[in-house]
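Chain residues, written in single-letter form:
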Amino acid sequence: MSIKSAARFLSAASRDQVIRDRFQAARSPEDFLSISQELGYSFTTAELKKIITLKSRNIQVRRTTGVWRWLRQVNWVERCQSH
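Worth saying up front: this structure is predicted, and the values here are computed from it rather than measured. (Residues numbered from 1 in each chain as written. Predicted model: local features only at pLDDT ≥ 70, side-chain atom pairs only at ≥ 80, totals over all residues. Heavy atoms only, no water.)

**So, the overall build of the chain**
For the chain, the helix and strand inventory stands at 6 helices and 0 strands. Helices and strands appear in the chain in the N-to-C order α-α-α-α-α-α. Buried residues in the chain amount to 34% of all 83 residues. Counted over contacts in the chain with a minimum sequence separation of 6, partners at least 24 positions apart contribute 67%. (Helix = DSSP H or I, 4+ residues; strand = E, 2+ residues; numbered from the N terminus. Buried < 20%, exposed > 50% of the residue type's maximum accessible area, 1.4 Å probe, protein only. Contact = heavy atoms within 4.5 Å.)

If you want it as structure tokens, here you go:
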């Protein structure tokens, strides 16, 4: 598992609607990680959170729609601590 894999995943997902569509059914971090692994990526929720934080510095969220909608649908808060 690695930060590099999480970074590759975010980069690919930002350009590929097919990848994003695969996550429509994800309702938990476990679902999200399982789908990610099926796609060939290996990272923990902590590693994903770290790379998102690094890539999001100085970014102001102006709307709740768009490319990352599927990422916001997962309830990360309650389970993120266990991974």
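Picking up where we left off.
**A few points about the confidence of the model for the chain**
The predicted model of the chain has a mean per-residue pLDDT of 79, with 69% of residues at 70 or higher. Considering each helix and strand of the chain separately, the mean pLDDT is smallest for helix α6 (residues 76-80), with a value of 54, and largest for helix α3 (residues 29-38), with 91. (pLDDT = per-residue confidence, 0-100.)

**Observations regarding the packing of aromatic side chains**
What the rule picks out here adds up to 5 aromatic pairs. When the centroid spacing of 5.4 Å and the interplanar angle of 40° are considered together, the rings of Phe9 and Phe43 count as tilted. In this pair, Phe9 is assigned in helix α1 (residues 3-15) and Phe43 in the loop between α3 and α4 (45-55), connecting sequence segments 34 residues apart. Phe9 gets classed as buried once you look at its relative accessible area, which sits at 0%. Centre to centre, the rings of Phe23 and Phe32 are 4.6 Å apart; their planes meet at 35°, and the pair counts as tilted. Overall, the relative accessible area of 0% leaves Phe23 in the buried class. What links up through ring pairs into an aromatic cluster is the set Phe9, Phe23, Phe32, Tyr41 and Phe43. (Phe/Tyr/Trp six-rings, centres within 6.5 Å; stacked < 30°, edge-to-face > 60°.)

**Considerations on the side chain of Arg20**
Looking at the secondary structure, you find Arg20 in helix α2 (residues 17-22). No salt bridge forms around the buried Arg20; measuring N to O, its nearest opposite-charge neighbour Asp21 is 6.1 Å away. Here the side chain of Arg20 touches Gln17 through a polar contact of 2.5 Å, side chain to side chain. (Lys, Arg positive; Asp, Glu negative; His and termini not counted. Salt bridge = Lys/Arg side-chain N within 4 Å of Asp/Glu carboxyl O. Polar contact = N/O pair within 3.5 Å; in protein donor to acceptor, adjacent residues only side chain to side chain.)

**Structural notes on the nonpolar core**
When a protein is soluble and globular, its nonpolar side chains tend to lie buried together. If you look at the biggest cluster of nonpolar residues, it comprises 15 residues, and the most contacted ones within it are Phe9, Ile19, Phe23, Phe32, Tyr41, Phe43 and Leu48. Among the secondary structure elements, those contributing two or more residues to this core are α1, α3 and α4. Looking at this core, the element that brings in the most residues is α1, giving 5 residues. (Core = buried A, V, L, I, M, F, W, Y, C linked by side-chain atoms within 4.5 Å.)

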